[in-house]
Amino acid sequence: MADHWIENHKRDSWRRQAKASGYRSRSAFKLKQIQERFNLIREGDVILDVGCHPGGWAQVGMELVGESGFVLGVDLEPCQPVEGALLLTGDITDPHTQERMLTELKGRPLNAIVSDISPNITGKWDMDQAVAMTLVAQVFDFALPLLCKGGSFTTKLFQGVGVEELIDAVKPFFSDVRRYAPHASRNASSEVYLVCRNFMPWKAKTFNVRETYETALNLKLGGDDVDEGPEIIKSSFSVRRKKAE
C-alpha cells in the first residue's frame, strides 16, 4: 500500500506540474528530460512527432525549434491545434497518411523523429507486445529515409520479447543507440525510450527494419525450425494375398 501511495503521489506530481506549466500531458516532461540528457533538438529543426495526441510533445517541440523550426505531428486521434505545429489525423502506416505527410514536409529532411506511439492495449501481453514492436519497426521503415545525416530517432518501447532484436535491426544506421528511462515515466511501467543518435544515411540505402526484426525474432523463437519426423522402424509384418483357386 505504501509503494502504491508513493507511485500515485509521483504521478499526481507530474500531472500538477504539467497543468501548471500549460502542457497537455505529463508525458511532456519525458521529452524535456530526454532533451536535457541527449540534446537532440535544436532551434530551426524540422521534427516529426509520431503519436502526437494530446499534443504535449508537440508543445515541447515547438519550444525547442522556435519560430524558424517546424513540427509535424500525426496520430489516430485528432489533436487540438498547437501554435506553429501541424498536427494531422491519420494512421502513419497508411500510404494515404504517409503521402499527406510528405506533401506537408515539402521535401524538407527531418532533423529528429520523436515517437510516443502505442497500440490499443487488449490486456493480452504477448499480443500487445508483438503489435507494439511491429508498429515501431513500421515507423522506422517509413521515417528513416526522411531523416537527415546526423539526425536522431527516439521511440517508446515496452521491455519484453523482441526489444533486443529491434535494437540490433536499427543499430547499423546510427553511431549511438541506447535505452533511457526518464524520471517522469512511471516506476511500475515497463516503458523505456530507445534513443538513436547520429544517423548515417549511407548505411541505410537499402534496408527493411521490420523484415530484419521479424526474421531475427522468428529465429529466436524457433519459428524456422523444422521438427524431424519420427524414426522409421522396419517391421517384418507383411500382407499376404490369398492365392486364387
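Residues numbered from 1 in each chain as written. Predicted model: local features only at pLDDT ≥ 70, side-chain atom pairs only at ≥ 80, totals over all residues. Heavy atoms only, no water.

Visitor: Tell me about the packing of aromatic side chains, residues and numbers included.
Guide: Counted under the stated rule, the structure contains 6 aromatic pairs. Plain terms: the ring middles of Phe38 and Tyr180 are 5.3 Å apart, the flat faces sit at 90° to each other, and that makes the pair edge-to-face. Residue Phe38 is found in helix H2 (residues 28-38), and its partner Tyr180 is found in strand S6 (residues 174-180); the two are separated by 142 residues along the sequence. You'll find Phe38 and Tyr180 in the same group, each marked buried. The ring of Phe38 has Arg37 lying over it, and the distance from NZ or CZ to the ring centre is 4.8 Å. Above the plane of the ring of Phe70 lies Arg108, whose end atom (NZ or CZ) is 4.4 Å from the centre. (Phe/Tyr/Trp six-rings, centres within 6.5 Å; stacked < 30°, edge-to-face > 60°. Helix = DSSP H or I, 4+ residues; strand = E, 2+ residues; numbered from the N terminus. Buried < 20%, exposed > 50% of the residue type's maximum accessible area, 1.4 Å probe, protein only. Lys NZ or Arg CZ within 6 Å of the ring centre and 35° of its normal.)

Visitor: Break down the packing of helix H5 (residues 125-143) against helix H7 (residues 209-220) for me, with residues and values.
Guide: It is the contact of H5 with H7, at a shortest axis distance of 8 Å, that shows an interaxial angle of 145°. Together, Met133, Thr134, Ala137, Gln138, Phe140 and Asp141 of H5 and Val209, Arg210, Tyr213 and Glu214 of H7 make up the contact between the two elements. When grouped by side-chain class, the residues that make up the contact of H5 with H7 number 5 nonpolar, 2 polar and 3 charged. (Axes fitted to C-alpha atoms, helices over the stretch in contact; angles between N-to-C directions. Contact = heavy atoms within 4.5 Å. Nonpolar A, V, L, I, M, F, W, Y, C, P; charged D, E, K, R; others polar.)

Visitor: Describe the environment of Pro201, listing the residues and the values that go with them.
Guide: Looking at the secondary structure, you find Pro201 in the loop between strand S7 (191-199) and H7. A relative accessible area of 29% places Pro201 in the partly exposed class. Counting along the chain gives 28 residues from Pro201 to Phe173, while the straight-line C-alpha distance between them is 6.9 Å.

Visitor: With reference to specific residues and values, describe the nonpolar core.
Guide: Soluble, globular proteins show a tendency: their nonpolar side chains are buried together. Counting 42 residues, the largest nonpolar core has Phe140, Leu144, Phe153, Phe174 and Val209 as the members making the most contacts within it. Tallying contributions element by element places H5 first for this core, with 8 residues. Leave out the neighbours within four places in its chain, and Phe174 touches Phe140, Leu144, Leu147, Gly151, Phe153, Cys196, Arg197, Asn198, Phe199 and Met200. Counting residues in each nonpolar core, the second largest holds 26 residues, with Tyr23, Leu40, Ala58 and Tyr193 among its members. (Core = buried A, V, L, I, M, F, W, Y, C linked by side-chain atoms within 4.5 Å.)

Visitor: Quick one: what's the story with the pattern of salt bridges, residue by residue and with numbers?
Guide: Per the counting criterion, the structure on display carries 9 salt bridges. Here Arg179 makes a salt bridge to Glu164, at a shortest N to O gap of 2.9 Å. Linking Arg179 in strand S6 with Glu164 in helix H6 (residues 163-170), this pair joins segments that are 15 residues apart in sequence. Residue classification places Glu164 among the partly exposed residues on the basis of a relative accessible area of 38%. The closest approach of N and O atoms between Glu165 and Lys220, which form a salt bridge, is 3.6 Å. Of the two residues, Glu165 is situated in helix H6 and Lys220 in helix H7; the sequence distance between them amounts to 55 residues. According to the relative accessible area criterion, Glu165 is buried, its value standing at 11%. Judged by its relative accessible area of 52%, Lys220 is exposed. In this structure, a network of salt bridges that share partners links the residues Lys30, Asp116, Lys156 and Glu191. (Salt bridge = Lys/Arg side-chain N within 4 Å of Asp/Glu carboxyl O.)

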